[in-house]
Amino acid sequence: MPDLTRRSFLATSAAAGAAVALGEYALRPARAAPSPGAPADSIPPAPSWVDRPMRWAQLTLAENDPGTFDPQFWFDYFRRVHADAVCLSAGGCVAYYPTAVPYHHRSAWLGNSDVFGDLVAGCRKLGMVVIARTDPHATYDDAQAAHPDWIAVTADGKPRRHWASPEMWVTCGLGPYNFEFMTAVHEEIMSRYRVDGIFINRWDGSGPCYCEHCRANFKAATGQELPLAGDPLGTAGPAYRQWREDRLFALWRRWDATVRAVNPDSCIIPNTGGGATSSLDMRRVGDLAPTLMADRQARRGLLPPWANGKSAKEYRAALGRKPVVGIFSVGFEEVYRWKDSVQNPAEFRLWVADGLANGMRPWFTKFAGSINDPRWLKPVEEIYAWCHGAERYLRNERPLARVGLVYSQQTAWYQPADHGARDSLEGAELGWYQALIEARVPFEMVHDRLLDAAHLAPFRTLILPNIVALSDAQCDQLRQFVARGGGLVATYETSLHDETGNPRSDFGLADLFGVSSQRRGEGPMRNAYLSVEHASCPGHPLLAGLEDAPRIIHGVWRTEVVPAVRFDPPPLTLVPSYPDLPMEKVYPRQPRTNVPQVFLRDLPAAGRVIYFPWDIDRTFWEVLSVDHGKLLRNAVAWATNEPPIVMVEGPGVLDVALWRQRSSLTVHLVNLTNPMMMKGPVREILPVGAQRVHVRLPDGLTARGVHLLVAATTPKFQQQGQWLDVTVPSVAMHEVVAIDL
Ligand SMILES: [Zn+2]
């Protein structure tokens, strides 16, 4: 579902340009303690079933399915794939049961049947967890005539017809349609079927709404009129963002309380969440949700296949150990929405494998009960059969990554107006992600509002990829992290603004960086370079792999700083931009400067800090220069200043993840080496050759045995001290080195 309307809402509200929109963890148990500030008694307990399912199925019915599709086919398939939980279409736009709620539209094909009830009963017989699906985002003429105030209204005061089904109306997500009508629907479904939960798709409105309720409620809450002055199209602004979020959390709590009043061992699961560009504060989402479904169903455009693992990490940052389920589609997920399609199976196999490797439980979704193209059935059955066999090694207790990559929703929400030109919402973050994948460094995502000591305890190093907006309190938490010995790598304008985007006179982290901002910069720079200072920094670890390089390309944007403390000679200095045409004029006007372009500090009795006053990470994402990739890799290694927890040597691009289970440890290797890595769909899986895996076993643990879970072999291994060595002869798409302890 992350969809165009939500994207455009976000893009407008964040005043962002086109971005590739993509998403501690720590030790929050399944029944999490709430974040600071939330009343402790306000978080309902997790239903008893949430941690049980490992393999989800979803059957999303089309209105004409009743009477024409074969439920027995699906029961047989669910059994064959060992699915242990299911999500079934119940109501909202279309009711698949004989509802009594006025204006709850029964499927025109329903007749006297109860398709939903029959499916619930059949799945219960299979022992599955059963949740119902509703979708409240659209309704019909009769509802509109009786309740015109249920319908979303445009900025110029017109009720909105549905963009894809023009006989329908778009509903307001923040008014009585959701708060009253859908509450009655959810109560009815729970009362009649006592399902384990209700999953609600497209529940949060379809972009800004200017109906009478939104205008009155917004004015009552903020004193301001909708649309906000100077914002005729988008309703941008912190006040609107916060009001909308509060309204949606109130809705969430109302629906949740309604279903729990009927069935205390149930909950609602709104379809929500994600990374820096998601609209609701993931810290609050993580407090309230007992589990969540990450709804990024497949790649689109230029999304790399690791984006599914990234999603898992983003959710985990806010949910801790609560289960993160990854919805995947067997079809294309491009803007043209071929919802009935089937992709090349290599593509969705790789997508699911990267989610599994990063701790996601799979959920396949199929639209319509009738099958137009059966080619997906066998590959999904094979994926699920493997997951079923490997379940013991997929029930992770915690990731062992020592590096955390911070993501910041508030930077996306409150970035300065001109920021979009200098960084797409996530360009810096994506550059780091790619660099860490190439460096084969296991890492987690970290939410910037969860930087307390408990959440950061697993990490040795934090990366701040141009995290522009940071509060004083967040800066203090980062200071404490470094004081405890943590390493920090930061880029460009990190901490140059406060948490609501107001500019600071200097970096909030100036004392850690050891430099002061001059509040001016340069960019977009063309034809600028970096001098690699081997003479003054012989053998410097930041320059590893660049020994033969006297000069490398610079980035695109830089900011001017002056040192506030004494630094050793800088490993990288500025070669200023010079003309790139006519070719006769292409010679450096200033071949050398003494302007440092990286600042490294090894703080006594504390951690190491590296600051790059330019957009190395964003430029890496745009240009993918191998030299920049080496600098990013070396910066993390230098700041981390301890032996890696795992080293994997061999050819190719692998996503490497390291997990602890109750009595085992797993190293996941996902082979991303493919000509279609940067633009799907993958045509075929191309195996890579031998990988030597060195694992640093924590806590004096001893390995009792090693298995390769995909190859289904038992390789020879050696343990010397804490280091375990094993060779994986080949990786086709995914291998799991399972170490029994
Ligand atoms: Zn409204």
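Residues numbered from 1 in each chain as written. Predicted model: local features only at pLDDT ≥ 70, side-chain atom pairs only at ≥ 80, totals over all residues. Heavy atoms only, no water.

Enquirer: Looking at this structure, I do not really get the overall build of the protein. What am I missing?
Expert: When helices and strands are tallied, the protein shows 20 helices and 30 strands. The C-alpha radius of gyration computed for the protein amounts to 26 Å, which stays within 12% of the reference 27 Å derived for 741 residues, consistent with globular compactness. Dimensions of the protein along its principal axes, counting C-alpha atoms only, are 85 × 65 × 55 Å. Residues counted as buried form 61% of the 741 residues belonging to the protein. (Helix = DSSP H or I, 4+ residues; strand = E, 2+ residues; numbered from the N terminus. Rg over C-alpha atoms; globule rule 2.2 N^0.38 Å. Buried < 20%, exposed > 50% of the residue type's maximum accessible area, 1.4 Å probe, protein only.)

Enquirer: Where do I start with the side chain of arginine 440 in this structure?
Expert: Turning to its location among the elements, arginine 440 is positioned in the loop between α15 (427–438) and β13 (443–447). Of the side chains with opposite charge, glutamate 649 comes closest to the buried, unpaired arginine 440, at an N-O distance of 8.2 Å. A distance of 2.8 Å separates a polar side-chain atom of arginine 440 from the backbone oxygen of valine 648. Discounting chain neighbours no more than four positions away, the residues touching arginine 440 are Val648, Glu649, Gly650, Pro651, Gly652, Val653, Leu654, Val656 and Gln691. (Lys, Arg positive; Asp, Glu negative; His and termini not counted. Salt bridge = Lys/Arg side-chain N within 4 Å of Asp/Glu carboxyl O. Polar contact = N/O pair within 3.5 Å; in protein donor to acceptor, adjacent residues only side chain to side chain. Contact = heavy atoms within 4.5 Å.)

Enquirer: Would you take a moment to explain the coordination of the zinc ion for this structure?
Expert: Note on metal geometry: ideal angles are 109.5 degrees for four donors arranged tetrahedrally and 90 or 180 degrees for six donors arranged octahedrally. Around the zinc ion, the protein contributes the donor atoms Cys172 (SG), Cys209 (SG), Cys211 (SG) and Cys214 (SG), at 2.3 Å from the metal centre. For the zinc ion, the 4 donor atoms in the first shell make angles of 104 to 114° at the metal, so the coordination geometry reads as tetrahedral. The motif formed by the donor residues of the zinc ion, counted along the single chain, is C-x36-C-x1-C-x2-C. Pair noted here: cysteine 172 is in the loop between β5 (169–170) and α5 (176–193) and cysteine 209 is in the loop between β6 (197–200) and α6 (212–222), with a separation of 37 residues, a long-range link. The two residues cysteine 172 and cysteine 209 agree in class, both being buried. (Donors = N, O, S within 2.8 Å, 3.2 Å for Na, K, Ca; no water. Tetrahedral: all angles 85-135°; square planar, octahedral: opposite > 155°, others 65-115°.)

Enquirer: Can you walk me through the packing of helix α9 (residues 307–319) against helix α10 (residues 345–357) in this structure?
Expert: To describe two helices that pack against each other, one gives the angle between their axes and the distance between the axes. Packing of α9 against α10 brings their axes to within 7 Å, and their N-to-C directions diverge by 30°. In this view, α9 runs roughly parallel relative to α10, as classed from their interaxial angle. The crossing of α9 and α10 is right-handed. Side by side, α9 and α10 meet where Ala307, Asn308 and Gly309 of the first sit next to Trp351, Val352, Asp354 and Gly355 of the second. (Axes fitted to C-alpha atoms, helices over the stretch in contact; angles between N-to-C directions. Parallel < 35°, antiparallel > 145°, perpendicular 65-115°, else oblique. Left-handed = near helix turned anticlockwise from the far one by under 90°.)

Enquirer: Just checking my understanding: could you explain the nonpolar core for this structure?
Expert: A general trend in soluble globular proteins is that nonpolar side chains are found buried together. Counting residues in each nonpolar core, the largest one holds 168 residues, and the members touching the most others are Phe78, Phe116, Ile189, Val195, Phe364, Trp376 and Phe612. Setting aside residues up to four positions removed in sequence, phenylalanine 116 forms contacts with Leu88, Ser89, Ala90, Tyr96, Tyr97, Ala132, Ile189, Tyr193 and Val195. In terms of nonpolar packing, the next biggest core, distinct from the first, is built from 28 residues, Phe459, Leu496, Leu509 and Phe567 among them. (Core = buried A, V, L, I, M, F, W, Y, C linked by side-chain atoms within 4.5 Å.)

Enquirer: Sorry if this is basic, but what is going on with the sheet that holds strand β21 (residues 599–602) here?
Expert: For sheets, the rule is that strands pair by backbone hydrogen bonds, running either parallel or antiparallel. Strand order in the open sheet made by the 6 strands is β13-β12-β14-β15-β22-β21, with mixed pairing throughout. Either end of the sheet is taken by a strand with one partner, and the two such strands are β13 and β21. Across the sheet, the mean angle separating the axes of adjacent strands is 20° when strand polarity is ignored. Where strand β12 (residues 403–407) meets strand β14 (residues 461–464), 3 bridges bridge the pair, whose relative direction is parallel. (Pairing = 2+ DSSP bridges.)

Enquirer: Just checking my understanding: could you explain the packing of aromatic side chains for this structure?
Expert: To describe a pair of aromatic rings, you give the distance between the ring centres and the angle between the ring planes. The full count for this structure, using the stated rule, is 39 aromatic pairs. Between phenylalanine 218 and tryptophan 243, the aromatic rings sit 5.4 Å apart at their centres with planes inclined by 75°, giving edge-to-face as the arrangement. Of this pair, phenylalanine 218 sits in helix α6 while tryptophan 243 sits in helix α7 (residues 238–262), and the two are 25 residues apart along the sequence. For the residue pair phenylalanine 218 and tryptophan 243, the accessibility class agrees, reading buried in each case. Pairing phenylalanine 249 with tryptophan 252 gives two aromatic rings, centres 5.8 Å apart and planes at 20°, and the pair type is stacked. Remark: tryptophan 252 and phenylalanine 249 occur in helix α7; sequence separation between them is 3 residues, near one turn of the helix. Exposure remark for tryptophan 252: the relative accessible area of 1% places this residue in the buried category. These aromatic residues form a ring-pair network of at least three members: Phe73, Trp74, Tyr77, Phe78, Phe328, Phe364, Trp376 and Tyr384. One cation-aromatic arrangement involves arginine 247 over phenylalanine 179; the distance from NZ or CZ to the ring centre is 4.2 Å. Between the NZ or CZ atom of arginine 589 and the centre of the ring of tyrosine 587, over which it lies, the distance is 3.9 Å. (Phe/Tyr/Trp six-rings, centres within 6.5 Å; stacked < 30°, edge-to-face > 60°. Lys NZ or Arg CZ within 6 Å of the ring centre and 35° of its normal.)

Enquirer: Whenever I open this one, empty space enclosed by the protein confuses me. Can you help?
Expert: Where empty space is left can be seen by rolling a probe of water-molecule size over the atoms. Put simply, the largest cavity is a space of about 100 Å³. Class assignment of the residues belonging to the lining of the largest cavity gives a composition of 6 nonpolar, 4 polar and 3 charged. Counted as a void, the second largest cavity has a volume near 80 Å³. Along the wall of the second largest cavity there are 13 residues; nearest its centre are Leu174, Asp204, Gly205, Gly207 and Cys209. Tallied by class, residues from the lining of the second largest cavity come to 6 nonpolar, 5 polar and 2 charged. (1 Å grid on protein atoms, 1.4 Å probe; cavity = no way out; pocket = protein on both sides within 12 Å on 5 of 7 lines; lining within 4 Å. Points joined across faces, edges and corners; volume = space filled by probe spheres on them. Nonpolar A, V, L, I, M, F, W, Y, C, P; charged D, E, K, R; others polar.)

Enquirer: What should I look at first to understand the layout of surface pockets in this one?
Expert: Of the pockets and cavities examined, the second largest pocket occupies roughly 610 Å³. Looking at the second largest pocket, it is lined by 30 residues, and the ones nearest its centre are Asp51, Arg361, Arg395, Asn396 and Glu397. The set of elements that each furnish at least two residues to the lining of the second largest pocket consists of β10 (361–367), α12 (391–394) and β11 (398–399). A breakdown of the residues in the lining of the second largest pocket according to their chemical character gives 12 nonpolar, 6 polar and 12 charged.

Enquirer: Just to check I follow, could you spell out the pairing of β6 for this structure?
Expert: The side chains of a regular strand alternate between the sheet's two faces. Of the two faces of β6, both are covered, the one formed by Gly197 and Phe199 as well as the one formed by Ile198 and Ile200. Where β6 meets strand β7 (residues 267–270), 4 bridges bridge the pair, whose relative direction is parallel. Of the residues in β7, the one forming a bridge with isoleucine 200 is proline 270.

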